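Residue-level structure breakdown
Here is what each chain is made of, one letter per residue.
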Amino acid sequence: MASVSSPVLTQVLGSATSPPRRLNRWDAMEYDEKLARFRQAHLNPFNKELGPRQHEQRASKEAPEVTSEEALPELPPGEPEFCCTERVMDLGLSEDHFSRPVLRQAIEECKQTILELPEQSEKQKDAVVRLIHLRLKLQELKDPNEDEPNIRVLLEHRFYKEKGKSVKQTCDKCNTIIWGLLQTWYTCTGCYYRCHSKCLNLISKPCVRSKVSHQAEYELNICPETGLDSQDYRCAECRAPISLRGVPSEARQCDYTGQYYCTHCHWNDLAVIPARVVHNWDFEPRKVSRCSMRYLALMASRPVLRLREINPLLFNYVEELVEIRKLRQDILLMKPYFITCREAMEARLLLQLQDRQHFVENDEMYSVQDLLDAHTGRLSCSLTETHTLFAKHIKLDCERCQAKGFVCELCREGDVLFPFDSHTSVCTDCSAVFHRDCYYDNSTTCPKCARLTLRKQSLFQEPGPEVDA
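What counts and what doesn't
Residues numbered from 1 in each chain as written. Predicted model: local features only at pLDDT ≥ 70, side-chain atom pairs only at ≥ 80, totals over all residues. Heavy atoms only, no water. Helix = DSSP H or I, 4+ residues; strand = E, 2+ residues; numbered from the N terminus. Contact = heavy atoms within 4.5 Å. Areas by Shrake-Rupley, 256 points an atom, 1.4 Å probe, with all protein chains shown as cover. Pairing = 2+ DSSP bridges. pLDDT = per-residue confidence, 0-100. Buried < 20%, exposed > 50% of the residue type's maximum accessible area, 1.4 Å probe, protein only. Axes fitted to C-alpha atoms, helices over the stretch in contact; angles between N-to-C directions. Parallel < 35°, antiparallel > 145°, perpendicular 65-115°, else oblique. Left-handed = near helix turned anticlockwise from the far one by under 90°. Nonpolar A, V, L, I, M, F, W, Y, C, P; charged D, E, K, R; others polar. Salt bridge = Lys/Arg side-chain N within 4 Å of Asp/Glu carboxyl O. 1 Å grid on protein atoms, 1.4 Å probe; cavity = no way out; pocket = protein on both sides within 12 Å on 5 of 7 lines; lining within 4 Å. Points joined across faces, edges and corners; volume = space filled by probe spheres on them. Phe/Tyr/Trp six-rings, centres within 6.5 Å; stacked < 30°, edge-to-face > 60°. Lys NZ or Arg CZ within 6 Å of the ring centre and 35° of its normal. Patch = residues over 30% accessible without salt bridge, like charges linked within 9 Å, V, L, I, M, F, W, Y side chains within 5 Å. Core = buried A, V, L, I, M, F, W, Y, C linked by side-chain atoms within 4.5 Å.

**Comments concerning the overall build of the protein**
- Looking only at helices and strands, the protein features 19 helices and 14 strands.
- Within the protein, residue pairs in contact and separated by at least 24 positions form 60% of the contacts whose partners lie at least 6 positions apart.
- Of the accessible surface of the protein, which amounts to about 28100 Å², a share of 51% is contributed by carbon and sulfur atoms.

In structure tokens:
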């Protein structure tokens, strides 16, 4: 068979090459008959108005009757015989290959058929046209965004590709709706920034999580406004022209930073302002920019507020904070019991506070979420339940922890005492535990401290064996 030299044919076929097969003239006649019906009926391979049987009936009515003698024309002596199976040459006449795997198989078979047909013949040209139709159909079924990577790193954002979710989202870049079932979109795992795949290369805002990692602190001045003139009448984030008159874009103030933003960077989102909480105990949400909203959301659970230094008078006016501080102090007194108790370590009792790990480290640091839960009453209830569970293990369930209790050395009466009991007092020097009434009524010093002092003095006063010799 002559080699295929046409560049268009080579581009359509690709790299498919295989030796031709030789069949008899009956197959050639069958192909001629089908091709005649195809041409006369003007069939469209992808016309869904008529099914396969209707196409064949229409073609059979319009096709002329051919006698057996006329249907067996002699092939020219110089033209080689060729092979075309019924399944291959019927491609496009049926609708059973509209799925992508079957379309790929049909394309491969059609390419093989083109190689077996004579070069520059009408049959080969028709097969090439059919191959083009099949490839166009496959391109229609192919998702243009399926070849995009699943992970994209840009401006410290780490984007993951999302698809197939029916939840309606909004693109943070173009401020339009993301149709999850139809469009490919990305979400940053750090700051949850969402955008279309087409908007990725247009992003100019760095990831807010990097700011949280390097500078984990709040602006504790209430709405520190400086004015539009200090911003040169431009958006504080994207530098777009803004004004209070709304021309060319409306200036919207962020209550957290005090700066002004355009409508693309400020969507009137509401958030609790930390400065208003620690100074005024005010939890009313106020309008903030998109960047501030993401920053406040990431910082909500970080214990960075030392209330005793920022506003020590707050404990005099908020009773919930006084109760929470006492519970946290008791939990810190219980911690040494759990660290030295094997049963407590196996039960992992300290993991009851894994969401607020700073509660087992100190009693001074608070997060905005802690203050919000204290305001609603949830924090006090959860801490009370945890306090009861811890105390039950130490005083009732565990004999080792019970053995580490104290007896009041002032009255030597009553039950075993623990430093976290409400009716006890702890010596600040030796950590001995006494009844509160006994400790404050007794004007003498702590018995344990006096005993330790005498022991130290006796050690220094006793002469050594070398001095006696």
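**Remarks on the pairing of strand E2 (residues 157–162)**
- Across 4 bridges, strand E1 (residues 151–154) lies against E2 in antiparallel orientation. Pairing of Val 153 across the sheet is with Arg 158, part of E2.
- Taken together, the 4 bridges between E2 and strand E5 (residues 185–188) define a ladder with antiparallel strand orientation. Residue pairing in the sheet places Tyr 160 in a bridge with Thr 187 of E5.

**Observations regarding the confidence of the model for the protein**
- Scored by pLDDT, the protein comes out at a mean of 77, with 73% of its residues at no less than 70.
- Segment residues 1–5: pLDDT under 50, and 11 contacts once partners within four positions in sequence are set aside and those in other chains are kept.
- Throughout residues 42–53 the model reports pLDDT below 50, and contacts reaching past four residues in sequence, or to other chains, amount to 20 contacts.

**Comments concerning unusual backbone geometry**
- Of note in this structure, Trp 281 is not a glycine but carries a positive phi near 50°.
- Secondary-structure assignment places Trp 281 in the loop between helix H8 (274–280) and strand E10 (286–288).
- Of the residues examined, Trp 281 reaches a relative accessible area of 17% and is grouped as buried.
- In this model, Arg 348 sits at a positive phi of 50°, which is unusual for a non-glycine residue.

**Quick word on the packing of helix H12 (residues 319–339) against helix H15 (residues 378–397)**
- Look at H12 against H15: their axes get within 10 Å of each other, and the N-to-C directions meet at 30°. Accordingly, the angle class assigned to the pair H12 and H15 is roughly parallel. Considering how the two elements wind past one another, H12 and H15 form a crossing that is left-handed. In this structure, H12 contributes Glu 323, Ile 324, Leu 327, Arg 328, Asp 330, Ile 331, Met 334, Tyr 337 and Phe 338 to the contact, and H15 contributes Leu 379, Ser 380, Leu 383, Thr 384, His 387, Phe 390, Ala 391, His 393 and Ile 394.
- For the contact of H12 with H15, the class distribution of residues is 11 nonpolar, 4 polar and 3 charged.

**Observations concerning the pattern of salt bridges**
- In total, this model carries 21 salt bridges according to the counting rule given.
- Taking the shortest distance from any N to any O, the salt bridge between Lys 111 and Glu 108 comes out at 3.6 Å. Residue Lys 111 and its partner Glu 108 are located together in helix H5 (residues 100–116), separated by 3 residues, close to a single helical turn.
- With a relative accessible area of 7%, Lys 111 lands in the buried category.
- We note a salt bridge from Arg 356 to Asp 370, for which the minimum N-O separation is 2.6 Å. Of this pair, Arg 356 sits in the loop between helix H13 (342–347) and strand E12 (365–366) while Asp 370 is found in helix H14 (residues 368–376), placing the two residues 14 residues apart along the sequence.
- Take Asp 370: its relative accessible area is 2%, and that puts it in the buried class.
- The network of salt bridges with shared partners includes Arg 306, Arg 308, Glu 309, Asp 363 and Glu 364.

**Quick look at the layout of surface pockets**
- Approximately 240 Å³ is the volume found for the second largest pocket.
- Lining of the second largest pocket is provided by 17 residues; of these, Lys 211, Glu 237, Tyr 261, Cys 291 and Ser 292 occupy positions nearest its centre.
- Only helix H7 (208–214) and helix H9 (290–299) provide two or more residues apiece to the lining of the second largest pocket.

**Notes on the packing of aromatic side chains**
- Per the stated rule, a full pass over the model turns up 7 aromatic pairs.
- Summarising the aromatic geometry, the rings of Phe 159 and Tyr 193 are spaced 6.3 Å apart at their centres and angled 70° between planes, so their arrangement reads as edge-to-face. Placement of Phe 159 in strand E2 and of Tyr 193 in the loop between E5 and strand E6 (194–196) is noted, with a sequence separation of 34 residues between them.
- Taken together, the aromatic side chains of Tyr 337, Phe 418 and Phe 420 make up a single cluster linked through ring pairs.
- The ring of Trp 267 has Arg 290 lying over it, and the distance from NZ or CZ to the ring centre is 4.0 Å.
- Lying across the ring of Phe 315, Arg 325 places its NZ or CZ 4.5 Å from the centre.

**Describing the sheet that holds E5**
- With respect to topology, 4 strands assemble into an open sheet ordered E1-E2-E5-E6, the strand pairing being antiparallel. Two strands lie at the open edges of the sheet, namely E1 and E6, each paired on one side alone. Neighbouring strand axes in the sheet, compared pairwise and without regard to direction, differ in orientation by 30° on average.
- In the sheet, E5 pairs with E6 via 3 bridges, with the strands oriented antiparallel. Residue Tyr 186 lies in a different strand from E6, and its bridge partner there is Cys 195.

**Regarding a nonpolar patch on the surface**
- On the surface, a nonpolar cluster with roughly 470 Å² of combined accessible area is contributed by Ile 177, Trp 179, Leu 181 and Leu 182.
- As for its position among the elements, Leu 182 is in the loop between strand E4 (177–178) and E5.

**Here's the deal with the environment of Tyr 186**
- Relative to the assigned elements, Tyr 186 resides in strand E5.
- Each C-alpha atom, one on Tyr 186 and one on Ser 197, is 6.3 Å from the other, the two residues being 11 residues apart in sequence.

**Comments concerning the nonpolar core**
- Formed by 69 residues in total, the largest nonpolar core has its most connected members in Leu 307 and Leu 371.
- Counting residues per element, this core draws most heavily on H12, which supplies 7 residues.
- Among residues more than four places away in sequence, those in contact with Leu 371 are Val 277, Val 278, Trp 281, Phe 283, Leu 305, Leu 307, Leu 321 and Tyr 366.
- Listed in part, the 11 residues of the second largest apolar core include Ala 106, Cys 110, Val 128 and Leu 131.

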